[in-house]
Amino acid sequence: QGQLVESGGGLVQAGGSLRLSCAASGRTFSGYVMGWFRQAPGKEREFVAQITWSGGSTNYADSVKGRFTISRDNAKNTVYLQMNSLKPEDTAVYYCFARKVLGSYDYWGQGTQVTVSS
(Lines give C-alpha, C1' and ligand atoms only; values in the text may rest on other atoms or scores of the structure.)
Protein backbone atom coordinates (compact mmCIF):
# COMPACT_ATOMS: atom_id res chain seq x y z
CA GLN A 1 0.00 0.00 0.00
CA GLY A 2 1.55 3.28 -1.08
CA GLN A 3 1.85 6.26 1.19
CA LEU A 4 2.78 9.91 0.68
CA VAL A 5 4.02 12.08 3.54
CA GLU A 6 4.51 15.84 3.14
CA SER A 7 6.81 18.04 5.17
CA GLY A 8 8.33 21.49 5.06
CA GLY A 9 5.31 23.69 5.62
CA GLY A 10 5.32 26.57 8.06
CA LEU A 11 4.90 30.29 8.61
CA VAL A 12 6.85 32.70 6.41
CA GLN A 13 6.67 36.39 5.60
CA ALA A 14 5.61 37.61 2.19
CA GLY A 15 8.53 37.48 -0.22
CA GLY A 16 10.08 34.55 1.60
CA SER A 17 10.69 30.96 0.53
CA LEU A 18 9.81 27.45 1.61
CA ARG A 19 10.60 24.02 0.23
CA LEU A 20 8.00 21.29 0.58
CA SER A 21 8.92 17.62 0.38
CA CYS A 22 6.73 14.61 -0.38
CA ALA A 23 8.22 11.25 0.56
CA ALA A 24 6.69 8.22 -1.13
CA SER A 25 6.85 4.75 0.40
CA GLY A 26 5.18 1.35 0.51
CA ARG A 27 5.42 0.56 -3.20
CA THR A 28 7.24 1.58 -6.31
CA PHE A 29 6.03 4.80 -7.88
CA SER A 30 7.73 4.12 -11.16
CA GLY A 31 5.79 5.72 -13.98
CA TYR A 32 3.65 7.86 -11.70
CA VAL A 33 3.11 11.54 -12.28
CA MET A 34 3.46 13.32 -8.96
CA GLY A 35 2.61 16.81 -7.90
CA TRP A 36 0.82 19.21 -5.62
CA PHE A 37 -2.61 20.65 -5.05
CA ARG A 38 -3.52 23.24 -2.43
CA GLN A 39 -6.66 24.23 -0.59
CA ALA A 40 -7.21 27.57 1.09
CA PRO A 41 -9.93 28.08 3.74
CA GLY A 42 -13.35 28.27 2.14
CA LYS A 43 -12.01 27.46 -1.32
CA GLU A 44 -11.87 24.39 -3.51
CA ARG A 45 -8.71 22.36 -3.88
CA GLU A 46 -6.68 23.68 -6.81
CA PHE A 47 -3.86 22.30 -8.90
CA VAL A 48 -0.40 23.76 -8.26
CA ALA A 49 2.22 21.74 -10.15
CA GLN A 50 3.12 18.29 -11.42
CA ILE A 51 6.12 16.39 -12.78
CA THR A 52 6.46 13.21 -14.81
CA TRP A 53 8.43 10.18 -13.65
CA SER A 54 11.43 11.10 -15.76
CA GLY A 55 11.27 14.70 -14.67
CA GLY A 56 11.27 15.71 -18.30
CA SER A 57 7.88 17.40 -18.20
CA THR A 58 6.45 19.79 -15.67
CA ASN A 59 3.23 21.81 -15.48
CA TYR A 60 2.30 24.73 -13.27
CA ALA A 61 -0.77 26.73 -12.42
CA ASP A 62 -0.58 30.22 -13.87
CA SER A 63 -0.69 31.67 -10.36
CA VAL A 64 2.65 30.08 -9.40
CA LYS A 65 4.59 30.11 -12.69
CA GLY A 66 7.97 31.74 -12.30
CA ARG A 67 7.85 31.48 -8.50
CA PHE A 68 7.48 27.75 -7.77
CA THR A 69 9.66 24.92 -9.05
CA ILE A 70 8.80 21.23 -8.84
CA SER A 71 11.46 18.53 -8.94
CA ARG A 72 11.85 14.89 -7.99
CA ASP A 73 14.59 12.54 -6.81
CA ASN A 74 13.50 9.03 -7.75
CA ALA A 75 16.39 7.46 -5.87
CA LYS A 76 14.91 8.98 -2.70
CA ASN A 77 11.28 8.54 -3.78
CA THR A 78 10.76 12.21 -3.03
CA VAL A 79 9.14 15.13 -4.82
CA TYR A 80 9.95 18.72 -3.93
CA LEU A 81 8.19 22.03 -4.37
CA GLN A 82 10.47 25.04 -4.06
CA MET A 83 8.33 28.09 -3.40
CA ASN A 84 9.89 31.54 -3.77
CA SER A 85 8.47 35.06 -3.63
CA LEU A 86 5.60 33.80 -1.52
CA LYS A 87 2.43 35.86 -1.29
CA PRO A 88 -0.34 35.87 1.32
CA GLU A 89 -2.64 34.30 -1.28
CA ASP A 90 -0.37 31.24 -1.32
CA THR A 91 -1.60 30.44 2.18
CA ALA A 92 -3.20 26.99 2.06
CA VAL A 93 -2.83 23.36 2.96
CA TYR A 94 -0.62 21.76 0.33
CA TYR A 95 -1.31 18.17 -0.68
CA CYS A 96 0.99 15.84 -2.57
CA PHE A 97 -0.49 13.39 -5.07
CA ALA A 98 0.56 10.50 -7.29
CA ARG A 99 -1.33 9.32 -10.36
CA LYS A 100 -0.88 7.12 -13.40
CA VAL A 101 -4.00 8.05 -15.33
CA LEU A 102 -4.96 11.63 -16.14
CA GLY A 103 -7.76 12.73 -13.88
CA SER A 104 -7.54 9.72 -11.57
CA TYR A 105 -5.53 10.44 -8.43
CA ASP A 106 -4.32 7.23 -6.85
CA TYR A 107 -2.57 8.52 -3.75
CA TRP A 108 -2.78 11.64 -1.57
CA GLY A 109 -0.73 12.88 1.32
CA GLN A 110 -2.21 14.22 4.54
CA GLY A 111 -1.30 17.82 3.74
CA THR A 112 1.08 20.41 5.14
CA GLN A 113 0.08 23.94 6.15
CA VAL A 114 1.75 26.91 4.49
CA THR A 115 0.97 30.34 5.95
CA VAL A 116 2.31 33.52 4.38
CA SER A 117 1.99 36.67 6.46
CA SER A 118 1.79 40.14 4.92
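Keep in mind that what you see is a predicted model, and the values were worked out from it rather than measured.

This part covers the overall build of the protein chain. Within the protein chain one finds zero helices and 11 strands. Helices and strands appear in the protein chain in the N-to-C order β-β-β-β-β-β-β-β-β-β-β. Over its C-alpha trace the protein chain gives a radius of gyration of 13 Å, about what one expects of a compact globule, namely 13 Å for 118 residues. C-alpha extents for the protein chain along the principal axes are approximately 40 × 25 × 25 Å.

Note: strands within a sheet are paired through backbone hydrogen bonds, in either parallel or antiparallel orientation. Spatially, four strands are ordered E1-E3-E8-E7 in an open sheet, and the strand pairing comes out antiparallel. Only two strands of the sheet have a single partner each, and these edge strands are strand E1 (3-7) and strand E7 (68-73). Across the sheet, the axes of successive neighbouring strands diverge by a mean angle of 15°, strand direction being ignored. Across six bridges, E7 lies against strand E8 (residues 78-83) in antiparallel orientation. What sits directly across from aspartate 73, in E8, is threonine 78.

Inspection of the secondary structure puts glutamine 1 in the segment before E1. Note on glutamine 1: relative accessible area 82%, which makes it exposed. Once you skip the residues sitting within four places of it in the chain, glutamine 1 turns out to touch Ser25 and Gly26.

Reading the values: rules and limits
- Residues numbered from 1 in each chain as written.
- Predicted model: local features only at pLDDT ≥ 70, side-chain atom pairs only at ≥ 80, totals over all residues.
- Heavy atoms only, no water.
- Helix = DSSP H or I, 4+ residues; strand = E, 2+ residues; numbered from the N terminus.
- Rg over C-alpha atoms; globule rule 2.2 N^0.38 Å.
- Pairing = 2+ DSSP bridges.
- Axes fitted to C-alpha atoms, helices over the stretch in contact; angles between N-to-C directions.
- Buried < 20%, exposed > 50% of the residue type's maximum accessible area, 1.4 Å probe, protein only.
- Contact = heavy atoms within 4.5 Å.

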